[in-house]
Amino acid sequence: MCHNSATKSAPRKKIGLRISVETMVWAMIVAAAIGCSDGDRSSLADNSKKPESQFGRQTILTAADTAPKSMSTVDVRVDETSLLASQPLTEQISAEGTLFTELTPGITGIEFANVLEPQNMRKYLLNGAGLCTGDYDNDGRVDLYLVCQDGPNKLYRQVDDWRFEDVTKSAGGLDGGDYWGRGAAFADVDNDGNLDLYVCNVDGPNQLFMNNGEGSFAEAGARRGVDHSGATTMAAFADYDRDGDLDLYLVNNRLFTVGEESPDVKFVTVDEKSTIHPDYRDQAFVVGGRVQEAGQRDVLLKNDGNGNFVDASDEAGIKGYDMGLSAVWWDYNNDGWLDIYVSNDFKMPDHLYRNNGNGSFTDVLPEVIPHTPWFSMGADFADLNDDGILDFLASDMSSTNHYKQKTTMGEMGKAAWFLTMGNPRQVMRNACYLSTGVERFMEVANLTGLDSTDWTWSIKFGDYDNDGLSDVFITNGYGRYDNDSDFQKKYKSLTAEGK
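About the thresholds
- Per chain, residue numbering runs from 1 following the sequence as it is written.
- Thresholds applied to this predicted model are a pLDDT of at least 70 for local features of residues and 80 or more for the giving and counting of side-chain atom pairs; totals over whole chains, interfaces and linings are not thresholded and use all residues.
- Each side-chain value is derived from all of the structure's non-hydrogen atoms; neither hydrogens nor water enter the calculation.
- Secondary structure follows DSSP: runs of H or I at least 4 residues long count as helices, runs of E at least 2 residues long count as strands, and numbering of each begins at the N terminus.
- In these tables, accessible area is a Shrake-Rupley quantity obtained with a 1.4 Å probe, and a residue counts as shielded only by the protein chains included in the view.
- Pairing between strands is defined by DSSP: at least two bridges between the two strands are required.
- Here, a salt bridge means any Lys or Arg side-chain nitrogen found within 4 Å of an Asp or Glu carboxyl oxygen.
- With a 1.4 Å probe rolled over the protein chains alone, any residue whose accessible area is under 20% of its type maximum counts as buried; one over 50% counts as exposed, and the rest are partly exposed.
- Contacts described as polar in this section are N or O atom pairs within 3.5 Å, which, within protein, must combine one atom able to donate a hydrogen with one able to accept it, while residues neighboring in sequence count only if both atoms come from side chains.
- The quantity called pLDDT is the predictor's confidence in a given residue, expressed from 0 to 100.
- Contacts: residue pairs with any heavy atoms within 4.5 Å of one another.
- Lines are fitted to the C-alpha atoms to define the axes, a helix being fitted only along its stretch in contact, and any angle between axes, read from their N-to-C directions, falls within 0 to 180 degrees.

Asker: So what exactly am I meant to see when it comes to the overall build of the protein chain here?
Answerer: Within the protein chain one finds ten helices and 30 strands. Summed over all atoms, the accessible surface of the protein chain reaches about 24700 Å², with 52% contributed by carbon and sulfur.

Below, the structure is given as structure tokens:
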């Protein structure tokens, strides 16, 4: 999965990672009102004919390529009695046909599949891999980088509308090597105006490919201080300290299960209670008196302004040895400082790290959120009710029908003890956080119809049909449903028979 929910990005900065359609529209209105008279609008029209850069207008098609297209426009008028007056968007023209059209490899030139060899079908490797998009060569077209687990990663350069060519080798050998790939993100880490490429790996160092501005890259992860080695799920870039460069949050999971690794775990007694020795915090933790499998600690890396990074996790207050699946930078309390929501799997709690504005963060999740998903996966934010405040959706793996819920949920009695342990509670379904505007969220997944979306890895909000409302795209699937109740029963039976 790549989420990049991050940049998924000085002369030309890419610090603004996400700008809503509404924000762009109002920015244009205000700019026109302040800087233009009626006579100036003709010059604006002339300027609009100039070639657009990668930061120019973006258009989302509202129907299949063969159907009529529709665009909405804003008519801005300024007079002597009013600083700003505007008319609503023009009525949208409906079009017949589907909203999207599937493009085959024969059309796009993209020949790719994520491969995981049978001998590597281990629990956490089944989490899959992701991709990222970005205009790395500044030609105005979005390019693709796709990550493979047991095979080569590929960089596809867009050479024509919806037509790509494989430039993995010629761009500097970006196939990822022998590591299990997991995720990737484009980001301009050195503020030179060119998108660099960060690749997350499992059981091997992460890689940073620096863009030389001529269509090729050079690996510099160790030299830049970002060659973290472990089980990184994804990278989320943002300028959390507002110093003009992109910093990096690494979401980590774990490589193998405790059963596969069979580690020696040491215990100590603290306040007359047995707990895990600090040296083994990435292997196990104790909750409710029960030993549970832990994950690797997340890492926050601070950019020094030149594209070199230092570990700021301790000073920032990043805690927990969790099995992370995603992280999303957003300003949940609208104070101008980017906060971060971290989605964690299993019995590890999610985190909502509030940016204190001084380089440190405080986990405020219990005070802000009523409850979270149990197996938190992908997440994203948007203004769902058009009140000008950002809301949030975190996904779980709740099935969309009764049959799948019963066959894949398993026997819940064994985990009943945990249902009253979390702070806040964890519930096995999606959580939709609706902001109240006072740093407290209501959970409204059932009310919005977003509570169950199957085995959901990622979420992407966007106005996909240009009607002014936020839609959501959800990716689902799993390589093997090893938690199927019937499968589990059969497996135990075969094991008992020594097969």
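Asker: Would you mind going over the pairing of strand E15 (residues 284-287) with me for this structure?
Answerer: Taken residue by residue, a regular strand's side chains alternate between the two faces of the sheet. Note: E15 against strand E16 (residues 290-293), four bridges, orientation antiparallel. Bridged to Val287 within E16 is Arg290. The hairpin formed by E15 and E16 contains two residues between the paired strands, and Gly288 there has a positive phi angle of roughly 60°.

Asker: Help me out: how do you make sense of the pattern of salt bridges in this one?
Answerer: When the charged atoms of two side chains lie near each other, side chains of opposite charge can form a pair. Under the defined criterion, the tally for this structure stands at eight salt bridges. Residues Asp161 and Arg141 are paired through a salt bridge, measuring 2.7 Å at the closest nitrogen-oxygen approach. Remark: Arg141 occurs in the loop between strand E3 (131-134) and strand E4 (143-146) and Asp161 occurs in the loop between strand E5 (154-160) and strand E6 (163-166); sequence separation between them is 20 residues. In this structure Asp161 comes out as exposed when scored by relative accessible area, which is 55%.

Asker: Explain the environment of Asp188 here, please?
Answerer: Its location among the elements puts Asp188 in the loop between strand E7 (180-187) and strand E8 (196-205). Distance from Asp188 to Phe237, taken between C-alpha atoms, is 9.5 Å for residues 49 residues apart in sequence. A distance of 3.3 Å separates a polar side-chain atom of Asp188 from the backbone nitrogen of Asp192.

Asker: Looking at this structure, I do not really get the confidence of the model for the protein chain. What am I missing?
Answerer: Parts of the model with low pLDDT should not have their predicted coordinates read in detail. Mean pLDDT over the protein chain stands at 81; residues scoring 70 or higher make up 78%. Note that pLDDT drops below 50 for residues 1-82; the model gives that stretch 145 contacts with residues more than four away or on any other chain.

Asker: How should I be thinking about the side chain of Asp135 in this particular structure?
Answerer: Here Asp135 shows up in the loop between E3 and E4. Within the structure, Asp135 has its side chain in polar contact with the backbone nitrogen of Gly140 (distance 2.9 Å).

Asker: Before we go on, may I ask you to explain the sheet that holds strand E24 (residues 379-382) in this structure?
Answerer: Backbone hydrogen bonds hold the strands of a sheet together, and the pairing may be parallel or antiparallel. Pairing within the open sheet is antiparallel, and its four strands lie in the order E24-E25-E27-E28. Every other strand in the sheet has two partners, leaving E24 and strand E28 (441-443) as the edge strands with one partner each. Looking at each pair of strands side by side, their axes are set apart by 20° on average, direction ignored. Summarising the sheet, E24 and strand E25 (residues 391-394) pair through four bridges and their orientation is antiparallel. Along E25, the bridge assignment pairs Ala382 with Asp391.

Asker: It is not clear to me how the sheet that holds strand E21 (residues 351-355) should be interpreted in this structure. Could you clarify?
Answerer: An order of E19-E20-E21-E22 is seen for the four strands of this open sheet, with the pairing classed as antiparallel. What marks the edges here is a single partner per strand, and that holds for strand E19 (324-330) and strand E22 (361-363). Pairwise comparison of adjacent strand axes, ignoring direction, gives a mean angle of 20° for this sheet. Pairing geometry for E19 and strand E20 (residues 339-344), over six bridges, is antiparallel.

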